[in-house]
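Residues per chain are reported as follows:
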Amino acid sequence: MSPESPWIFRYVLDSTQRTYFPTVTIDGNLMRLYCTINSSSFNELNKKMPRDLRIDACRGFALVMILIDHIAGNALGHYTMWNYGFCDAADLFVFLSGYSVWLAYGRTIEKHGPDGGWRRGLNKISRRWVTIYIYQLLTVFSGVLIARLWIHFFNAPKDFIEPILTDSWRWVRSFLIFRTLPEKFNILPLYSVLLALSPIIIGLYRVKPLLLIMVSAGFWIGANFFPSFNLHNNLNPAGWFFNPFGWQFIFTLGMLTSVVALKRNGSLKSIRSMKIVASLFLLFAFFQNFPWAEWHLPTLTLFTNLPLNEKTPLAPWRVVDTLCIMYLILSSERAKTFARSVIVKPLILLGQNSLEVFCAGTVATIIAGVFMTRFGTSFDHQIVSNIIVFAAAFSAAWLKSGAKLKGYRGTRHQCAELSGEA
């Protein structure tokens, strides 16, 4: 083998244990040697790099809440997160996105040093960004096409989608640069911006964590006190519904939480006093936000017109609520054990394939909106609508998970052949 022989790293995902195993191709001999080592140390690697299923389960739970809320007129919306606290599934999802960014990219940058690490990390981030952008385009155009076909052939009302999307195609150009963001399609653009900012966030952390917190908090405070401090949206004079200048803060806190948790094998330190405080705040959030009147119960809301409680800039109450929830989960060994149980597996399946699930589910919510606009929002029709949405979500997760497993098995079989184990 010559010293100049090209080599390529590939990461193969075991969809059962959710663990990454590297394989390297240099030439036939070295591949044979490496595959032998890889096969013999399979169990050892599996122990060294466990995946925290709590994160996947929480992400899957957030996706379920988001999809339920996206079905207009859905009675299940009375049972989603926003009814019982300050935050909702979007807050949880963005926090977990920041948490995952450190796992996927931050560790790569730290592990491989200042030069190779940044090159590898930026390469991974850019590839992921392009993937998300393509999925965003496919999701929006699929949803709009379904809506336009329905309106054209059945002369249906346009209540379930912004009229501008069905009246013409003039919005396409501005949508491509995120200046036209329809209501149902505004989460992925937010994540695209946050992912693009992640190298800066990681870089500031590596310079000084306190500097990162100060800069991030500064933008967040500005977004809360100056409503015009936002990005432009042709469909909303106030700007983006999820103001990136505010929402980057919970994303950053998620990343910093990941850094701290990794030092303790994925869990936060369990402090009894902090758990009591977190639980009391969640109890306060419940009483403050529960829709007492809708349930025909005496109003037990503690404060009326609570200030700084808006979603667009990411109000402080929402941040604290999200942090309390995630602290109780990430500091609990019981939660870690529960995440391995059979009952949580559907949520884990959704959480581990979140991009595909979100996009397929969002398109399905358009179909559900079309269905209920045409046939009404009776209880039976709501059941059908929910079945449509979650059938699409689980089908996307199953197909994506199967594709990952197929790729993993193919590479393992190739290694076994080269090492003489087949």
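The structure reproduced in this document is the subject of the present report.

What counts as what
Residues numbered from 1 in each chain as written. Predicted model: local features only at pLDDT ≥ 70, side-chain atom pairs only at ≥ 80, totals over all residues. Heavy atoms only, no water. Helix = DSSP H or I, 4+ residues; strand = E, 2+ residues; numbered from the N terminus. Polar contact = N/O pair within 3.5 Å; in protein donor to acceptor, adjacent residues only side chain to side chain. Contact = heavy atoms within 4.5 Å. Buried < 20%, exposed > 50% of the residue type's maximum accessible area, 1.4 Å probe, protein only. Lys, Arg positive; Asp, Glu negative; His and termini not counted. Salt bridge = Lys/Arg side-chain N within 4 Å of Asp/Glu carboxyl O. Expected span 1.5 Å × (residues − 1). Core = buried A, V, L, I, M, F, W, Y, C linked by side-chain atoms within 4.5 Å.

Inspection of the secondary structure assignment puts Ser331 in the loop between helix 12 (316-330) and helix 13 (333-338). A distance of 2.6 Å separates the side chain of Ser331 from the backbone oxygen of Tyr327, its partner in a polar contact. In contact with Ser331, not counting residues within four places along its chain, are Arg54, Leu268, Lys269, Ser270 and Lys275.

With that settled, the discussion passes to the side chain of Lys184. Within the element layout of this structure, Lys184 appears in the loop between helix 7 (171-176) and helix 8 (187-207). Glu183 is the oppositely charged side chain nearest to the buried, salt-bridge-free Lys184, at an N-O distance of 6.8 Å. Here the side chain of Lys184 touches His70 through a polar contact of 2.5 Å, landing on its backbone oxygen.

What follows covers helix 5 (residues 113-154). Taking 1.5 Å per residue, 42 residues should reach 62 Å; helix 5 reaches 60 Å between its end C-alpha atoms and fits that length. In the segment just after helix 5, Asn155 is the residue with positive phi, at about 50°.

Moving on: the nonpolar core. With 67 residues, the main nonpolar core has Trp247, Ile250 and Met255 as its most contacted residues. Top element by residues in this core is helix 4 (residues 89-111). It accounts for 12 residues. Ignoring any residue separated from it by four or fewer positions in sequence, one finds Met255 in contact with Gly98, Tyr99, Trp102, Ile201, Ile202, Tyr205 and Leu212. The next biggest cluster of nonpolar side chains, apart from the first, holds 15 residues, and it includes Tyr133, Leu137, Val172 and Phe175.

The next thing to look at is the pattern of salt bridges. Between side chains of opposite charge, a pair can form when the charged atoms approach closely. If you walk through the whole model with that rule in mind, you get eight salt bridges. Across the pair Arg51 and Asp56 runs a salt bridge whose closest N-O atoms are separated by 2.8 Å. Asp56 sits in the buried class, given a relative accessible area of 1%. Of the charged contacts, one joins Glu356 and Lys400 as a salt bridge, the two residues approaching to 3.9 Å between their closest N and O atoms. Pair noted here: Glu356 is in helix 15 (residues 354-375) and Lys400 is in helix 16 (residues 379-418), with a separation of 44 residues, a long-range link. Its relative accessible area of 13% is what places Glu356 among the buried residues.

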